[in-house]
Amino acid sequence: LCDEDEGVRQMAASCFQSLYTVVGNRALDEVVPVLLVAMESSEGDQVARHRALNGLTGILSIRSKELLPYLVPRLLSKPMTKNHADALGSIASVTGGTIHLHFHSIISTLMSELSSFSGQDLDEEEEKREEAIRECARVVCGSVEEIGVNFLISEVASKCSSDKDSMRTEACRMFQVIIEERAEEADFYEQIPIMLRDLIARLNDESSLVLKACNAALKSLTTHVPAEELVNHIEFIRNLIASMVSDARRRKGGVGDGEFLLPGFNMPKGLEPMLPIYQRGILYGNAIIREASAAGLGELINLTASKYLAGPFIIKMTGPLLRIVGDRNPSNVKIAIIQTLGLILTKGGPALRAFVPQFQTTFVKALSDPSRQVRTEAIKALSLLMPLSTRLDPLIKELVAGSLGKGPSAAVETAGAVAVQTATLEALAVVINRGGGKAKLPISIPSALDAGKDMIFHEDDGVRE
C-alpha cells in the first residue's frame, strides 16, 4: 500500500478490498492504525509520511464510507497541524463521492481554524500552517462531487451571519473558493440564490475586512458565471437590496428617509462586481428584465456616493442606457431608463460632459413619446442636464419649433400634437429657467418668448396654461 510504484499500490488496494470482504472491519483495525502512526510521526521524514498517506488514500479510494468516520475526527483535532491539513486535502481528492457526509465537521473546523489567524502576527511556522489549511479547503471544495455541492454551500452559508467578523470574512472567502474551483463544472448554479442572499446581506457589514472579502466573492461570481445566467436573478437581487436597505433605515440609529449609502458600494470598485449583471439585462434582456435592470441600476446609484462613481465607472454605466433607450421599448422600460439617466447626471457631474449631445437628443426625442409619464421624465432629465450643457442655442431653437408644432415631432400622431406641444413648451420653460444664461445668439430668448405669446391663444386649455 505504501510502495513508490502506483501500479503496486493499486494492486495492494485491490487485495485489501478482497481481505475486507472476507474479514470485515478487522482489516481496517489491523492496517489503518499503522498507516496513521507513520503519517503522524514527528520523527519520521517527509518521504515516510508521504508513503503512509499514499497507503491511506489507496484504501480510501475503495472503502471511503467505512474509513472516513474513523479518519476525519483524527485529522480535525485542534489546532490542525500542517501535516493533517495536507493529509485531509489528499484524502478529499480521492473521496469526492462520500466526503460531503462529513462536511458539517470538516467545513466548520477549516473555517474556525482559518478565522483564528485573523489579526494575528504570524511567525513562519504559523504562516505555513495557514497556507496548508487554505490549500486543504480549496482541494475539498474542488474535489467534492456534484451530489455534495449543496451540502458544501449550505455549511458555508450558515457561517455568513456569525457574530465574529473573522468568521464572516472566511465565509465570503470560502464562497469565492467554491466559485473558482467549480467554475468548470458549473454545478453550483442552483445554489446561486443562496450565495447571492448571504453575500448581498454582507454589503451592509460593519467590518471592512468582511466588505473586501464580500466584494471579491461577488467579483468572482460575475467573472466565472455567465452574465446571461446571473441576469435571471435580477429581480431577486433588487428585492434583497431593497429589503436590506429598508431594515437598515428603520433600525435604531438608522437614517429614516434620509440618504443611505450602502457600505459595500462605498469603497473603491464597490459597484464593479454588480455591473455586468445589470449591463447584460439592459442590453440584451426582454422588456421585463430591461426595466428591472435599468431601475435596479438606478437603485444602486442612489446607494453610492458620487466619489465612488466618478471617472470611467460612471461612463461604463451610461453607455448601455443611451444605446438602447432609442429602441422600441415599452413605456415602462423608457421611464426606468430615463429616470436612471437622470440619477447618473445628478451624481456623475463633469465626467459626463462628453455625453451631453447624446443625453440632449435622447431627452428631446422622448418629449414626443406617446406616454405622458415618459414625457414628464424627459422634462425632469433636461432640467438636470442644464448644468453640463454649454450649447443652448440649438436646443432652444429645436424646442421652440416643437412647441409651435413645426419640429420633427409635429408628424407624431401617436402622442397627439397637442400633448407633444405641451410637453415641449414645459421643457422650453425649464431649459430657459435653468440654462438660459448660457444662450449666446441674440434671437434665442426672444424666439422662445414669442413662441410662448403665440401659444397663449391656442385653442387647447393645457397648452394655454
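Only a predicted model underlies this, so the values are computations on that prediction, with no experimental measurement involved. (Residues numbered from 1 in each chain as written. Predicted model: local features only at pLDDT ≥ 70, side-chain atom pairs only at ≥ 80, totals over all residues. Heavy atoms only, no water.)

**Student:** Before we go on, may I ask you to explain the overall build of the protein in this structure?
**Tutor:** Counting its secondary structure elements, the protein contains 22 helices and 0 strands. Scaling as 2.2 N^0.38, a compact globule of 465 residues should have a C-alpha radius of gyration of about 23 Å, whereas the protein reaches 32 Å, well beyond that. For the protein, the spread of C-alpha atoms along the three principal axes comes to 105 × 45 × 40 Å. Relative to its full complement of 465 residues, the protein shows a buried share of 50%. Intrachain contacts of the protein at a sequence separation of at least 6 include 73% that bridge at least 24 residues. For the protein, the accessible area works out to roughly 22,100 Å², and carbon and sulfur atoms hold 52% of it. (Helix = DSSP H or I, 4+ residues; strand = E, 2+ residues; numbered from the N terminus. Rg over C-alpha atoms; globule rule 2.2 N^0.38 Å. Buried < 20%, exposed > 50% of the residue type's maximum accessible area, 1.4 Å probe, protein only. Contact = heavy atoms within 4.5 Å. Areas by Shrake-Rupley, 256 points an atom, 1.4 Å probe, with all protein chains shown as cover.)

**Student:** What exactly am I supposed to notice about the pattern of salt bridges here?
**Tutor:** Where side chains of opposite charge bring their charged atoms close, a pairing between them can arise. The full count for this structure, using the stated rule, is 22 salt bridges. The shortest N-O distance in the salt bridge between K334 and D369 comes to 2.7 Å. One end of the pair, K334, is in helix α16 (residues 331-348); the other, D369, is in the loop between α17 (356-366) and α18 (372-385), with 35 residues separating them in the sequence. Residue K334 is classed as buried on the basis of its relative accessible area, which comes to 18%. Of the residues examined, D369 reaches a relative accessible area of 8% and is grouped as buried. Residue K380 is joined to E377 by a salt bridge in which the shortest nitrogen-to-oxygen separation is 3.6 Å. With K380 and E377 both in helix α18 and 3 residues apart, this pair spans about one turn of that helix. (Salt bridge = Lys/Arg side-chain N within 4 Å of Asp/Glu carboxyl O.)

**Student:** Help me out: how do you make sense of the environment of S306 in this one?
**Tutor:** With respect to the element layout, S306 can be found in the loop between α14 (287-302) and α15 (312-324). C-alpha separation for the pair S306 and G349, spaced 43 residues apart in sequence, amounts to 8.6 Å.

**Student:** What is the right way to read α18 from this model?
**Tutor:** Residues separated by three or four positions in an α-helix point in the same direction, a consequence of the helix having 3.6 residues per turn. Here α18 contains 14 residues, and its C-alpha end-to-end distance of 20 Å stays within 8% of the 20 Å for a straight helix at 1.5 Å per residue. Within α18, burial applies to V374, R375, E377, A378, I379, A381, L382, S383 and L385. Capping of α18 at its N-terminal end is provided by S371; its side-chain oxygen lies 3.3 Å from the backbone amide nitrogen of Q373. (Expected span 1.5 Å × (residues − 1). Polar contact = N/O pair within 3.5 Å; in protein donor to acceptor, adjacent residues only side chain to side chain.)

**Student:** Honestly, the packing of aromatic side chains in this entry has me stumped. Any pointers?
**Tutor:** Pairs of aromatic rings are described using the distance from one ring centre to the other and the angle between the two planes. Inspection of the entire model under this criterion finds 2 aromatic pairs. Taken together, a centroid distance of 5.3 Å and an interplanar angle of 85 degrees make the contact between F188 and Y189 edge-to-face. Side by side, F188 and Y189 carry an identical accessibility label, which is buried. Here F359 and F363 contribute two aromatic rings whose centre-to-centre distance is 5.8 Å and whose plane-to-plane angle is 40 degrees, an arrangement assigned as tilted. Here the residue F359 and the residue F363 both occupy positions in helix α17, the gap between them amounting to 4 residues, near one helical turn. Judged on exposure class, the residue F359 and its partner F363 are both buried. (Phe/Tyr/Trp six-rings, centres within 6.5 Å; stacked < 30°, edge-to-face > 60°.)

**Student:** I keep staring at the side chain of T109 and nothing clicks. Help me out?
**Tutor:** Assignment of secondary structure puts T109 in helix α5 (residues 103-115). Contacts of T109, omitting those with residues within four sequence positions, involve L76, K78 and M80.

**Student:** Looking at this structure, I do not really get the packing of helix α4 (residues 82-94) against helix α6 (residues 124-143). What am I missing?
**Tutor:** Packed helices, taken two at a time, are described by the angle between their axes plus the distance between the axes. As a packed pair, α4 and α6 sit with axes 8 Å apart at the nearest point and diverge in direction by 10 degrees. When the axes of α4 and α6 are compared, the pair comes out roughly parallel. For the crossing formed where α4 meets α6, the hand is left-handed. In this structure, α4 uses K82, A85, D86, L88, G89, A92 and S93 to contact α6, whose residues at the interface are K128, R129, A132, I133, C136, V139, V140 and S143. In terms of residue class, the contact of α4 with α6 is built from 8 nonpolar, 3 polar and 4 charged. (Axes fitted to C-alpha atoms, helices over the stretch in contact; angles between N-to-C directions. Parallel < 35°, antiparallel > 145°, perpendicular 65-115°, else oblique. Left-handed = near helix turned anticlockwise from the far one by under 90°. Nonpolar A, V, L, I, M, F, W, Y, C, P; charged D, E, K, R; others polar.)

**Student:** Even after reading the chapter, I still don't get the confidence of the model for the protein, so can you show me in this structure?
**Tutor:** The predicted coordinates should not be examined in detail at positions where pLDDT is low. Per-residue pLDDT for the protein has a mean of 86; in total, 92% of the residues score no lower than 70. The low-confidence segment residues 409-415, where pLDDT is below 50, has 12 contacts with residues more than four positions distant or belonging to other chains. (pLDDT = per-residue confidence, 0-100.)

**Student:** Looking at this model, I keep getting lost on a negative patch on the surface. Mind explaining?
**Tutor:** A surface patch of like charges, here negative, comprises D121, D123, E125, E127, E131 and E135. Mapped onto the elements of the fold, E125 is located in helix α6. (Patch = residues over 30% accessible without salt bridge, like charges linked within 9 Å, V, L, I, M, F, W, Y side chains within 5 Å. Lys, Arg positive; Asp, Glu negative; His and termini not counted. Charge placed at Lys NZ, Arg CZ, Asp CG, Glu CD.)

**Student:** So what exactly am I meant to see when it comes to the state of the cysteines here?
**Tutor:** On inspection of all chains with the given rule, the structure shows 0 disulfides. Free cysteine C136: the closest other cysteine sulfur is in C141, separated by 9.3 Å. On the basis of relative accessible area, C136 is assigned to the buried category, the value being 2%. (Disulfide = S-S within 2.5 Å.)

**Student:** Help me out: how do you make sense of the environment of G437 in this one?
**Tutor:** Note on placement: G437 falls in the loop between α20 (417-435) and α21 (444-455). Take G437: its relative accessible area is 82%, and that puts it in the exposed class. Residues G437 and L392 lie 45 residues apart in sequence; the distance between their C-alpha atoms is 9.0 Å.

**Student:** What is the right way to look at the packing of helix α8 (residues 165-181) against helix α9 (residues 192-201) in this model?
**Tutor:** With their axes 11 Å apart at the nearest point, α8 and α9 run at an angle of 145 degrees to one another. Classified by chirality, the crossing of α9 by α8 is left-handed. On the side of α8, the interface is formed by C172, F175, I178 and I179, while α9 contributes M195, D198 and L199. Of the residues contributing to the contact of α8 with α9, the split by class is 6 nonpolar, no polar and 1 charged.

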